[in-house]
Amino acid sequence: MPSHDEIREAQRAAWAGLSAGWEKWDPVIMDQLGPVTTAMIERLDIADDQRHLDIASGTGEPGLTVAGLAPRGHVVLTDLSAEMLAVATRRARAQGIANVEARVCSADDLPFADATFDSVSVRFGYMFLPDLASATAEFRRVLTPGGRLCSSVWVRPEENPWTSIVMDAIAAEVVLTPPDPDGPSMFRCAAPGCVGDLYEVAGLRDVDEWDVRVELVTRSPEEYWAMISEHVSLAVAALAQVDGPARERIATAVIARAGAHEADGAVRIPGVARCIVGTA
Ligand SMILES: C[S@@+](CC[C@H](N)C(=O)[O-])C[C@H]1O[C@@H](n2cnc3c(N)ncnc32)[C@H](O)[C@@H]1O
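Residues numbered from 1 in each chain as written. Predicted model: local features only at pLDDT ≥ 70, side-chain atom pairs only at ≥ 80, totals over all residues.

Asker: Got a minute to help me understand the overall build of the protein chain in this structure?
Answerer: Within the protein chain one finds 10 helices and eight strands. Relative to the 2.2 N^0.38 estimate, which gives 19 Å for 280 residues, the radius of gyration of the protein chain is 18 Å and therefore close to what a compact globule would have. Based on the C-alpha atoms only, the size of the protein chain along its principal axes is roughly 55 × 40 × 30 Å. When burial is assessed residue by residue, the protein chain has 45% of its 280 residues classed as buried. Looking at the protein chain alone, contacts between residues at least 24 apart form 79% of all its contacts between residues at least 6 apart. (Helix = DSSP H or I, 4+ residues; strand = E, 2+ residues; numbered from the N terminus. Rg over C-alpha atoms; globule rule 2.2 N^0.38 Å. Buried ≥ 20, exposed ≤ 12 C-beta atoms within 10 Å, placed from the backbone. Contact = placed C-beta atoms within 7 Å.)

Asker: Help me out: how do you make sense of the site of the ligand in this one?
Answerer: In the vicinity of the ligand, 20 residues are found, and the nearest of them are Trp 15, Ala 56, Gly 58, Ala 107 and Arg 123. The leading source of residues in the shell around the ligand is helix H1 (residues 4–24), at three residues. Grouping the amino acids of the shell around the ligand by side-chain chemistry returns nine nonpolar, seven polar and four charged. (Near = placed C-beta within 6 Å. Nonpolar A, V, L, I, M, F, W, Y, C, P; charged D, E, K, R; others polar.)

Asker: What should I look at first to understand the nonpolar core in this one?
Answerer: A general trend in soluble globular proteins is that nonpolar side chains are found buried together. Residues Val 120, Tyr 126, Val 153, Val 166, Ala 235 and Cys 275 are the most contacted members of the largest nonpolar core, which totals 82 residues. Other than its neighbours up to four places away in sequence, Val 166 contacts Ile 228, Ala 235 and Val 254. (Core = buried A, V, L, I, M, F, W, Y, C linked by C-beta atoms within 7 Å.)

Right under this line is the structure:
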């Protein structure tokens, strides 16, 4: 079992490597995940002077959307990866958003005083943290009394064909080691109540969770394959284990399966995320 420092270092290196793919495919990713941002923000009760902390912010969401809703407020984007946050900073500049700052730090060791923020968000970051309980205690610590925490995670792979199409094709070529249930991986928090229980242990009240449907839309099956193979952590790590001919066979299988989702000149592949809200 790797130490927490080793997990953080592995995550830092992995996301540094993925940042170019996230920037390249930014419009497609943001369209896919937009409904999750909307669902999270609806429950965060954002005021126009909100002080908001976005954890594992990556390329900036949902922090940048919150900043747009809080013109007199301030948003801090945090992430372990300086490379991902550099993309977030470029996106903020391109959108003319000035009330944000980016800080490189780990979610379980936040450089902020108690009760600094009115709200905290964690979109698709929870599952990569070394210690979920201590990170949740940190989120609770930096919230003002009455402040809200809202996060999102992926539900099981069977309900997320947008990733399982590729993972099934890779599994037909190589034996994939099942992820450590206590280590970082995309579907680690898929069980109902997984994150809600952490909230309750950390002392949050009015905990609620609900599912949100998403749809990944690409112009063609080939674009779907290129996009997934260049930015999804699970797929990129698994593809690193295969040789050139196997990668070609995987690409052919994925493109054929994605073709079954073509409609009205686009490929539309569904998925389901879960949002979890609680109050400090
Ligand atoms: C799937 S991305 C999510 C990015 C963004 N929130 C979004 O939804 O588009 C996961 C992010 O978690 C970050 N991460 C992984 N371990 C972390 C840790 N211990 N502390 C803070 N961020 C971490 C990664 O660097 C990566 O940017």
